[in-house]
Amino acid sequence: MSSARDSERGKLFTRRAMMLAAGQTGLTMALAGRMYYLQVTEAERYGILADENRISLRLLPPPRGLILDRFGREMAVNRQNFRVLVVREQTPDLMQTLDALGMIIPLTDKDKTRIRREVERKRAFMPVQVKENLSWEEMAQIQINAPDLPGVVIDEGLTRYYPYGDGGAQVLGYVSSVSEKDLTGEALLELPGFRIGKAGVEKIYDLALRGRGGNSKVEVNALGRVIRELERKEGTPGVDVTLTLDLEMQQFAVDRIGEESAAAVVIDVHTGEILVMASTPSFDPNAFNRGLTPEEWSALITNERAPLRNKCISAQFPPGSTFKVIVAMAALEAGVISPEQTVFCPGYMDLGEHRFHCWQKRGHGSVNMVEALQHSCDVYFYEVARRVGVDRIADVARRFGLGSPLGIDLPNEVSGLIPDRAWKRAFNGQPWLPGETLNAGIGQGYVLTTPLQLAVMAARIANGGMAVKPRLTRETVTTAGLKPIGAAALAPVGVNPKSVALVRRGMYEVVNNPAGTAHRSAFDVNGQRMAGKTGSSQVRRITMKERETTGVLKNDALPWKERDHALFIAFAPADAPRYACAVVVEHGGGGSAVAAPIASDIMKEALKRDPSRPRGPQPLPEVEV
Amino acid sequence: MPKDFRSLQDRLHQQDMTLGEKLRQISWTYILLISIVAAAGFFMLYSAANGQWEPWASRQIVRFGIGILAMLALALINIRVYLRYAYVFYAISLVLLVAVDVKGVIGMGAQRWIDFGVIRLQPSELMKIALVLSLARYFHGLSIEDIGRPVSLIAPLLMTLAPVGLILKQPDLGTALMLMMGSGIVFFAAGVRLWKFAVVLAGGLAAIPVGWGMLHDYQRNRVLTFINPERDPLGAGYHILQSKIALGSGGVFGRGFMQGTQSHLNFLPEKQTDFIFTMLAEEFGMVGGLALLSLYTLIVVFGLVIALRCRHHFGRLLALGLTANFFLYVFINIAMVMGLIPVVGVPLPLISYGGTVMLTLMCGFGLVQCVNVHRDLHLGRRGGGDEP
């Protein structure tokens, strides 16, 4: 029967349908179970993964600390830097937009090619920099024309700016892009466009000036586009560093030196604060921030007058006759001569087979110590140096700050060189020769000093033999801020104040006695006078033949590199010293003709600018001559 | 004798119900369930477009509206028509499939649709219905003894393998597998012995190495990536990993409507089509996911009940085959986005954005409704009224 067959077929179908339903139920349960596993058991893990997906941490660079001079004038600031950027996806025709932009700001074809290449490489919504350091006018013009410039965006950031340009460039240093070897793992350093200190104060206090970066938590989509900011933590701005420099005096010194390759340091004789640290020729630190072209860089590097080097601390010169003050004190300390005892100067001195010449060919006649300083008589100092011996000279020199780094808060300070017997043995295994003592006695031979060391030496003489130390900041600069330096009493250098006073007397005569070597540079500002010592250090050997034939060649007749260095050390006011100064003009010629006038003008300026200067702590001991 | 004096029962057995009577036989609860799911889909599409009806939700609503009308129209046609033209419909679909393949060869690329100007037709979608229809007709005409004879299985096997082969050539692995499974269910419901399935399965497994060689690289990658999604987290594995992250981060109650971060920030791929369930589960959590799963289950249960209540074999097989197909879609899509099976391009029925699929689906529901309306009809093996 077909209907019976049909019903049998129906029963079979029902059975099969039930089996299918059971199977489907099982599969549905599997789906529900999986859902439970993902959304309950593993929910936390996936929640974290989801946040990692969408939340991106962006670093916010902190504003760099300012660098101020002693009166709070800004020497290094952060300037708003307007950059113009273009976003591809917002501009219908990139080249057309760039052409329109080119009407407002100059754009070369090279620029355009670079931009197009960069645009092609980046994702469509990523801005590409067209130009930075726009002027205010350019920026305003772009904004006015914004409707015609689709996709053009103006972005502002902070860049370092040195308003005084090359005025204190070597002291301030400069900032520049982070290079591979600067990376320490600190995330800030990896920020594109981040700059760090590469020289000078910018370098030595870089960590404090840098500050701590903040961050901004932003939500990004799968392409990395920022959707919104979720949370923002501002960073800590860098510490503002106040220097002891007097910006105007610094500028005055630089201008006064002019074209010469020179170094000038002015230091407070009681506190060690550096008021002027000028090194010329200089450079524009703003250029480093902008990015130097290879040509500009090689021009700086190959310049024989070394604009990048801070000659006050990183260059060393034979001190020449300025070193005679040390020899004089060493002689008094050793008791090999009294202040009144004279030495006869016939214009030369023979030692063994060698003849040592005085700069004054006809000789000075009989001179005592003050006169010897005043005339800078070489023979007198040959003689006393011979009597004292090099070791005792070196000892006094070191007490006055020569021969080792002074620990100024700047990078690349060199130590200079004060030779003695032990040094010579270690240097080349040779014994010390008596003639070398004579050379050292007039600051030639092996002796080398930095201009800063000379200034500190002058300061220690001026303050009566106290071991003042130079510094550029009044406070200790740390990343946490500034900490005042405790006013510790200065330690004496350990030389009889009477010896120091006698040298000061000599230095007074150098300037103020009409017969003194620097009398032309004497001044009287409200009764305040300067004391000093000239020096001309030879950089070449004068042969017998030259002396006999042409005579010693004048500096003008020599190539720049062979001319003498002109030096002058000074302090003022002579009766109650406040400032000490050292000027070194590299291959400048004679100390009295070249260096002393510069130092004189700088000191005059210092005294004029400081009418209410406090008196020095101790009165001068009376010296009889 | 006026028609009115005959009982409704009588007239149901015949074929001359009035339109009103037919409409009353339509299961409106079934339509309501379908509409609720579709509405959930509209809101998800609205969310996927970041709170806008354009471009997806509005079009989907229009398509659903057309679909409802098509469903009602198909439900009211006498079921004998389907029985009579089942093979014709199958033949047309097969020809269209061949046409697509030929066009693909000419166009030097894989194509899955024919452009009729007004609509783009995917013959493979059409075939899903046509195959169930013609298999139902074939098994309707077999006696229970015939089914036991292996010879009688040759014709339906060929009927299945012809379109499967053509679709594999396209190549569309997912649809081919769906078609095989769909027809397998009809075979099973028709009463084919289980050991015969075992034989076919064994044959299939033996063919795996051969099949692996025939797979395209991207298909192999999908399988390999399924086995180890971390193999390539930014490439092929990215989709499934992101889907799991989005789904898992939704938790029990979800992030809230329009608040799904992963989907709205575009970490989730294809959120308006294949991965729309992930988005729903991210925004409404496990609660939302289970609710949707329950609705789907109810729709499937309704289909099963309709199949079981039908008094003719054609209707039973048709309703069951279509319902099983629907279930397969749901299961494969959800299992895929949750990382249970490889990524295959199967949309989530009624919710994923897509025109052809929506229309095919609604036509399928229309046929199921038709079975419901004509459940008590006497239908002879050869399509006549009563058994001779």
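You'll find the structure just up there.
Source: prediction; values computed, not measured.

Attention now moves to the overall build of chain B. Counting its regular elements, chain B contains 17 helices and 2 strands. Per-residue burial for chain B yields a buried fraction of 55% across its 388 residues. Taking all contacts inside chain B whose residues are at least 6 apart in sequence as the whole, residues at least 24 apart take part in 73%. Carbon and sulfur atoms form 68% of the exposed surface of chain B, whose accessible area is close to 16,300 Å².

Right, let's talk about the interface of chain A and chain B for a bit. In many reports, interface size means the accessible area that the parts give up when they come together. Across the boundary between the two partners, chain A contributes 39 residues, which contact 55 residues of chain B. In total, about 4,100 Å² of surface goes out of reach between chain A and chain B, with carbon and sulfur atoms giving 71% of it. Tallying contributions element by element places helix 1 (residues 2-41) of chain A first for the side of chain A that touches chain B, with 27 residues.

As a further point, take the environment of Thr113 of chain A. All names here are of chain A. Considering the arrangement of structural elements, one finds Thr113 in helix 4 (residues 109-121). Distance from Thr113 to Met95, taken between C-alpha atoms, is 9.7 Å for residues 18 residues apart in sequence. Within the local environment of Thr113, its side chain forms a polar contact with the backbone oxygen of Asp109, the two atoms lying 2.6 Å apart.

All names here are of chain A. If you walk across this open sheet you meet the 5 strands as 12-11-21-20-19, and the pairing is antiparallel. Only two strands of the sheet have a single partner each, and these edge strands are strand 12 (274-280) and strand 19 (531-537). The average angle at which neighbouring strand axes cross in this sheet is 5°, direction not considered. As defined by bridge partners, strand 19 adjoins strand 20 (residues 565-572) across 7 bridges and the pair is classed as antiparallel. Across the sheet, the residue bridging to Ala531 is Phe571, located in strand 20. Packed onto the sheet, helix 9 (residues 247-257) meets strand 11 (262-268) and strand 12 and runs at close to 30° relative to strand 12.

Residues and elements named next belong to chain A. For strand 12, the tally of buried residues reaches 7 of 7 residues, placing the bulk of the element in the interior. In the sheet, strand 11 pairs with strand 12 via 6 bridges, with the strands oriented antiparallel. Among the inter-strand pairings, Val265 is bridged to a residue of strand 12, identified as Met277. Hairpin connection between strand 11 and strand 12: a loop of 5 residues separates the two successive antiparallel strands, and Gly272 in this loop has a positive phi of roughly 80°.

Moving on to unusual backbone geometry. For the peptide bond that leads from Thr280 of chain A to Pro281 of chain A, omega is -10°, which places it in the cis range. Summarising the element assignment, Pro281 of chain A is placed in the loop between strand 12 and helix 10 (285-290). The residue after Ala572 of chain A, namely Pro573 of chain A, is reached through a cis peptide bond having omega -10°. Mapping Pro573 of chain A onto the fold places it in the loop between strand 20 and strand 21 (579-585). The backbone of His587 of chain A shows a phi angle near 45°, a positive value even though the residue is not glycine. One can find His587 of chain A in the loop between strand 21 and helix 22 (591-609). In this structure, Leu350 of chain B is a non-glycine residue whose phi angle is positive, near 70°. Mapped onto the fold, Leu350 of chain B is located in the loop between helix 16 (313-337) and helix 17 (355-373). Leu350 of chain B gets classed as buried once you look at its relative accessible area, which sits at 3%.

About the thresholds
Residues numbered from 1 in each chain as written. Chains lettered and ligands numbered in written order. Predicted model: local features only at pLDDT ≥ 70, side-chain atom pairs only at ≥ 80, totals over all residues. Heavy atoms only, no water. Helix = DSSP H or I, 4+ residues; strand = E, 2+ residues; numbered from the N terminus. Buried < 20%, exposed > 50% of the residue type's maximum accessible area, 1.4 Å probe, protein only. Contact = heavy atoms within 4.5 Å. Areas by Shrake-Rupley, 256 points an atom, 1.4 Å probe, with all protein chains shown as cover. Buried area = accessible area lost by both parts, 1.4 Å probe. Polar contact = N/O pair within 3.5 Å; in protein donor to acceptor, adjacent residues only side chain to side chain. Pairing = 2+ DSSP bridges. Axes fitted to C-alpha atoms, helices over the stretch in contact; angles between N-to-C directions.

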